[in-house]
2 protein chains.
Amino acid sequence: MEEPTPRTGRAPTSVDVARLAGVSQATVSYVLNDAPGMRITEATRAKVREAAASLGYVPHASARTLRSGRSDIVLMPLPRAGMGALAAAHLDALGEELRRLGYKVVLYGDDRGKGIGAARDWAQWRPSAILVEAGRLTRAAVRQLHDTGIPTVVALGDAPSPLVPTFVFDNEAIGARAAEHLAERGRSSIAVLMPREKGLEVYSRPRLAGVSRVAAAHGIDVQPVDLGFDEEEAGGLVARWAADPHRPDAVFAYNDDYAMLIMRALEDAGLRVPGDVAVVGADDLPLAALLRPRLTSVRVMAGPTAADVAERIDAMVRDRSRDPSIVFELVRAEIVVRESS
Amino acid sequence: MEEPTPRTGRAPTSVDVARLAGVSQATVSYVLNDAPGMRITEATRAKVREAAASLGYVPHASARTLRSGRSDIVLMPLPRAGMGALAAAHLDALGEELRRLGYKVVLYGDDRGKGIGAARDWAQWRPSAILVEAGRLTRAAVRQLHDTGIPTVVALGDAPSPLVPTFVFDNEAIGARAAEHLAERGRSSIAVLMPREKGLEVYSRPRLAGVSRVAAAHGIDVQPVDLGFDEEEAGGLVARWAADPHRPDAVFAYNDDYAMLIMRALEDAGLRVPGDVAVVGADDLPLAALLRPRLTSVRVMAGPTAADVAERIDAMVRDRSRDPSIVFELVRAEIVVRESS
DNA sequence: TTGTATGCGTTATCAA
DNA sequence: TTGATAACGCATACAA
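Residues numbered from 1 in each chain as written. Chains lettered and ligands numbered in written order. Predicted model: local features only at pLDDT ≥ 70, side-chain atom pairs only at ≥ 80, totals over all residues. Heavy atoms only, no water.

**Points about the interface of chain B and chain A**
Every contact between the two is made by 56 residues of chain B and, on the other side, 56 residues of chain A. Summed over the three residues of chain B that lose the most area to chain A, namely Val58, Arg80 and Leu290 of chain B, the buried surface amounts to 16% of that side. Linking chain B with chain A are six salt bridges, by the criterion used here. Seen at the junction of chain B and chain A, the total is 23 residue pairs in polar contact (both at pLDDT 80 or more). (Contact = heavy atoms within 4.5 Å. Buried area = accessible area lost by both parts, 1.4 Å probe. Salt bridge = Lys/Arg side-chain N within 4 Å of Asp/Glu carboxyl O. Polar contact = N/O pair within 3.5 Å; in protein donor to acceptor, adjacent residues only side chain to side chain.)

**As for the protein's contact with DNA strand D**
Ser24 and Arg39 of chain A together with Ser14, Tyr30 and Tyr57 of chain B are the nearest of the 25 residues found near DNA strand D. The share of sugar and phosphate among atoms of DNA strand D within 4 Å of the protein is 59%. Between DNA strand D and Arg67 of chain A, the relevant distance is 2.7 Å, taken from a base nitrogen to a side-chain nitrogen or oxygen of the residue. Side-chain polar atom of Tyr30 of chain B to a base nitrogen of DNA strand D: 2.5 Å apart, as the coordinates give it. The biggest single contributor to the surface near DNA strand D is helix α2 (residues 25-33) of chain B, with five residues. (Near = heavy atom within 4 Å. Helix = DSSP H or I, 4+ residues; strand = E, 2+ residues; numbered from the N terminus.)

**Some points on the relation of the copies chain B and chain A**
In screw terms, the move from chain B to chain A is a rotation of 180 degrees and a rise of 0.0 Å along the axis, fitting with an RMSD of 0.1 Å. Accordingly, the operation relating the two chain copies is best matched by a two-fold axis. (Least-squares fit on C-alpha atoms with pLDDT ≥ 70 in both.)

**A short note on the packing of aromatic side chains**
In total, this model carries eight aromatic pairs over all chains according to the counting rule given. Seen from their ring centres, Tyr254 of chain B and Tyr258 of chain B are 6.2 Å apart, and the 80 degrees between their planes marks the pair as edge-to-face. Feature note: the residues Phe229, Tyr254 and Tyr258 of chain A constitute an aromatic cluster, connected by ring pairs. Note that Arg312 of chain A overlies the ring of Phe328 of chain A, its terminal NZ or CZ placed 4.2 Å from the centroid. (Phe/Tyr/Trp six-rings, centres within 6.5 Å; stacked < 30°, edge-to-face > 60°. Lys NZ or Arg CZ within 6 Å of the ring centre and 35° of its normal.)

**Brief notes about the protein's contact with DNA strand C**
Neighbouring residues of DNA strand C: 28 residues in total, closest Gln25 and Tyr30 of chain A together with Arg39, Thr44 and Arg67 of chain B. Taking the atoms of DNA strand C that fall within 4 Å of the protein, sugar and phosphate contribute 61% of them. Within the side chain of Arg67 of chain A, a nitrogen or oxygen atom sits 2.9 Å from a base oxygen of DNA strand C. A distance of 2.9 Å separates a base nitrogen of DNA strand C from a polar atom in the side chain of Arg67 of chain B. Elements that contribute at least two residues to the surface near DNA strand C include exactly α2 (25-33) and α4 (61-68) of chain A together with α2 and α4 (61-68) of chain B. Counting residues per element, the surface near DNA strand C draws most heavily on α2 of chain A, which supplies five residues. Of the residues belonging to the surface near DNA strand C, the class tally is twelve nonpolar, twelve polar and four charged. (Nonpolar A, V, L, I, M, F, W, Y, C, P; charged D, E, K, R; others polar.)

**Quick word on the pattern of salt bridges**
Counting across every chain of the model gives 41 salt bridges over all chains. For the salt bridge of Glu180 of chain A with Arg177 of chain A, the shortest nitrogen-to-oxygen distance reads 3.0 Å. With Glu180 of chain A and Arg177 of chain A both in helix α8 (residues 171-184) and three residues apart, this pair spans about one turn of that helix. Overall, Glu180 of chain A belongs to the partly exposed group, its relative accessible area being 28%. The residue Arg318 of chain A makes a salt bridge to Asp314 of chain A at a minimum N-O spacing of 3.1 Å. Note that Arg318 of chain A and Asp314 of chain A are positioned in helix α13 (residues 306-318) at a spacing of four residues, about one turn of the helix. Among the residues examined, Arg318 of chain A registers a relative accessible area of 64% and is labelled exposed. Each of the salt bridges in this network shares a partner with another, and the network as a whole consists of Glu231 and Asp268 of chain A together with Arg292, Arg294 and Glu339 of chain B. (Buried < 20%, exposed > 50% of the residue type's maximum accessible area, 1.4 Å probe, protein only.)

**Thoughts on helix α13 (residues 306-318) of chain B**
All names here are of chain B. Along its 13 residues, α13 runs 18 Å from first to last C-alpha, staying within 8% of the 18 Å computed at 1.5 Å per residue. The set of residues buried in α13 consists of Ala306, Val309, Ala310, Ile313, Asp314, Met316 and Val317. An end-on view of α13 places all buried positions within 160 degrees of arc, on one side of the element. Set apart from the buried face of α13 by more than 90 degrees, the exposed residues are Glu311 and Arg318. Contacts made by the buried residues of α13 are with α5 (85-100), β3 (129-133), β4 (152-157), β5 (166-168) and β11 (327-329). Phi for Arg320, located one or two positions after α13, is positive at around 45 degrees. (Expected span 1.5 Å × (residues − 1). Arc of directions from axis to C-beta.)

**As for the UniProt feature "domain: HTH lacI-type" (unreviewed entry) in chain A**
The residues that UniProt annotates with the feature "domain: HTH lacI-type" (unreviewed entry) are residues 12-68 of chain A. Structurally, residues 12-68 of chain A is divided into 68% helix and 0% strand, and its ends, taken at the C-alpha atoms, are 20 Å apart. (UniProt positions renumbered as here; feature names shortened; annotations may be inferred.)

**A short note on unusual backbone geometry**
The omega torsion across Arg292 of chain A and Pro293 of chain A is -5 degrees, close enough to zero to call that bond cis. Along the chain, the position of Pro293 of chain A falls in the loop between α12 (286-290) and β10 (296-302). Phi at Tyr254 of chain B takes a positive value of approximately 70 degrees, unusual for a residue other than glycine. Following the sequence through the fold, Tyr254 of chain B ends up in the loop between β8 (250-252) and α11 (256-268). In this structure Tyr254 of chain B comes out as buried when scored by relative accessible area, which is 4%.

**Things to note about the sheet that holds β11 of chain B**
By way of backbone hydrogen bonds, the strands of a sheet pair with one another, either parallel or antiparallel. Read from one edge of the open sheet, twelve strands run β11(A)-β5(A)-β4(A)-β3(A)-β1(A)-β2(A)-β2(B)-β1(B)-β3(B)-β4(B)-β5(B)-β11(B), paired in mixed fashion. For this open sheet the edge positions go to β11 (327-329) of chain A together with β11 of chain B, each flanked by a neighbour on one side alone. On average, each strand axis in the sheet is inclined to that of its neighbour by 25 degrees, with strand direction left out of account. In this fold helix α5 (residues 85-100) of chain A packs onto β1 (73-75), β2 (104-109) and β3 (129-133) of chain A together with β2 (104-109) of chain B, with an angle of close to 140 degrees to the strand it touches most, β2 of chain A. (Pairing = 2+ DSSP bridges. Axes fitted to C-alpha atoms, helices over the stretch in contact; angles between N-to-C directions.)

**Digging into helix α8 (residues 171-184) of chain B**
Residues and elements named next belong to chain B. In this model α8 runs 20 Å from its N-terminal to its C-terminal C-alpha over 14 residues, within 8% of the 20 Å that 1.5 Å per residue would give. α8 sits mainly inside the fold: eleven of its 14 residues count as buried. Every buried residue of α8 is listed here: Asn171, Glu172, Ala173, Ile174, Gly175, Ala176, Ala178, Ala179, His181, Leu182 and Ala183. Here the buried face of α8 lies against β6 (189-195), α9 (201-218), β8, β9 (278-282), β10 (296-302) and β12 (331-336). Between a side-chain oxygen at the N-terminus of α8 and the backbone nitrogen of Glu172 the separation is 3.2 Å; the capping residue is Asp170. One or two steps after α8, the chain reaches Gly186, where phi turns positive at roughly 80 degrees.

This is the structure we're talking about:
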C-alpha cells in the first residue's frame, strides 16, 4: 500500500490542507471547527475532511490558543504520590468529566514549589482554571494568576481559603471522627502517629488537629508521635509504652498502613488490641478488614460526584467568578467500627 | 501599600513591558531570555527586569512555542492509578530530572484510548517527546506522531517495541523470578492470581507469562485464577483448594496486596503457609514484612537512575533519533525470600 | 548597543 | 458560499 501523501518532514498546517482540498485556508478552519453560521456545501466539507485525513493534519494547540485567547486547559499541579488511593480515584474521575466538557486536563509535574515562583510557572500556560493545594497559594501567587488573566483558581484544602474558592477535603474531620469514636469508648489518652515521610504533613497535621479539638472537648489527653514506616522503630515505641504505666490507651494511626505497623508492634510486645490499646486507622483500605483483629478505620466517602464538581468548575470558568466565599465539600468522613477499638 | 501598576484586566505582554521600560519589544525578549551574542548594557537590563517584575509579566507559552517551533514539552499520557508505588516514584524522579534539563513535564490526563485517535490528541501539543505505554501505540499512531513533527516517541513496556525506542519495565521477569524460586523449592503446581480490576492486565499478563515460561522449563503446572480483591471470593477459592487433593502447592499472588488476601484466606481455611501452600507476592511493599508468616516477595529494583534516563531522553530529542532498536532496561527484579515460601 | 520588521498557525472579521 | 486579510505574543534576522 502506497503512502497516500508525501511526508514533508514538517507538520502539515491548515494551509496544506486547503491547498490539497482546493479551498481557502479559512474554509478549512470553518469546516474542521464546525463554525456556526457558515453555509458550506457538503461537497466542500467532504473535500476538506478528506484532505485533512490524508495529510494527518492535527491543529496546532499553541496557535489555536494564541489566536483564540483560550487554552481550555485545566491545570492541576498536584503531586502524584502521597494522596490516598481514594483521592487519586476522585481526581481521575474529575479529569474524565472535565474532558467530557471540552477541557484539556494537564497534571503538571512541577517542582512542588509555592508562592509567586510556582504561580509564574503555572501562568505561562494561560490555563482556563487551576486546581491546586491551598498551601501552595500565597496572596501574591493568587494576584499573579489573576493578573495573568487566569479566570479561575480553585484551592484544594482542609479549610476554606480566604483567597479563592475552595474545594474542601476535610482531613480535620477524619481525625475528629476517630477521636469522637474513641471518646465514646471511654478512652482517655490518644497517641496520634505522625508519619515522617515528607509530603504527608499536609494530611497528617489537620488530622491531628481534628483529634485534638475533639479530645479537648472530652478532657482526653493527646500526644503526637513522630514515626517512620519502620518495624524497628515501631517496636521501640511500643516497648516504651509496655513499660509505661501512663501509656496511651488508644492510637490514631494516621492511615491503615501505619495502623497495621503499630498493631503488629503491639501484638509482638504482648499488648492487647483493643484491650490494652485501641487502634483506629484511616482510609478504610481493603486490607483493614484483612487484619486481625479487624481494623476500625475512618472511611472517606465521596460527597458530590465527579460530574457535579466538574460542572461547578465549568460554571466558574464561564462567569469568571473568583469569590472566595464559594466552598464545596468534596468528601465526608465516617467511622467504620471493627474489632480493633 | 499601593499597587505598583494598574491592573489592566488582560495579561501583560512583552510590548507592555517594553513600553514601561522605554525600550523596544525585541530588547525585552533579548534580556529576559539572556539571548547570546547580544550586548545590552546592564542599565537597560535592569530597567527591563524591573518593568517585567512590576507588571507581573509572564511569557505566553503558546506564543513562544508557536514562534520558536519548540514546545520543550515531554508528554506523559500515563494513568495515575494501577502502577505500583515504585513505578510512580520512578516517574516522579524522572520528571524532576527532565525539568532540570529544561523540559516541561506534562502528565496528560486523557481518555486512555489508543491508536490514531489518542495520537491526534497528543500531537496537538507538539511535544518534544512522548512517553507512553507500548500497548497504546499502533503503527498508524506512530506514523501520525512522526508526521506531526514530534521527534521522539518512547514506549514503556514489558518488551521492546518494533515501532519506537523502548524503556523496558520487565513484568515478565517478575513472574519468572517468582517461578524460579518456587521451582527451586520443589513446588510442582503454581496458581497465579489474576486481579479482575481493570487496567491491571497490562501488568498481570506479562507476570503470568513469566511464570509460565519458567514453569514449563521445569515441568511445573500453572493455573491462572481470576480473582477480585474480595475476602468472600478468596475464601471460596481456598475452600475449593482445601477439598481438592490436586490443589496447587504454591501461589504467585500478582502483588503483595493480593498475597495478603490469599494468605488470610488460607489461614482461615486451615491451610498452612508455606507448609501446604507457598505464597510469593510482588512489589515488596512495606507490609510484606509485617505479615505473618513474613511474605516472600519479588522486589523491583531501579536499574539506571532517573538522571540517566532523563539524559537518554534528552539525547534522543536532540538528535531526533527514532531507532526502535534502542532499548533501555529500567528495572530488574529480584526475589526477597521470607517465611512464606 | 538597540530598534524594525517579519512570520510562526490559527481564528475571525470583513468583502466579494 | 467562500476568500483575503488582520491580529494573537513572541523570537530572531537584519538594519541602524
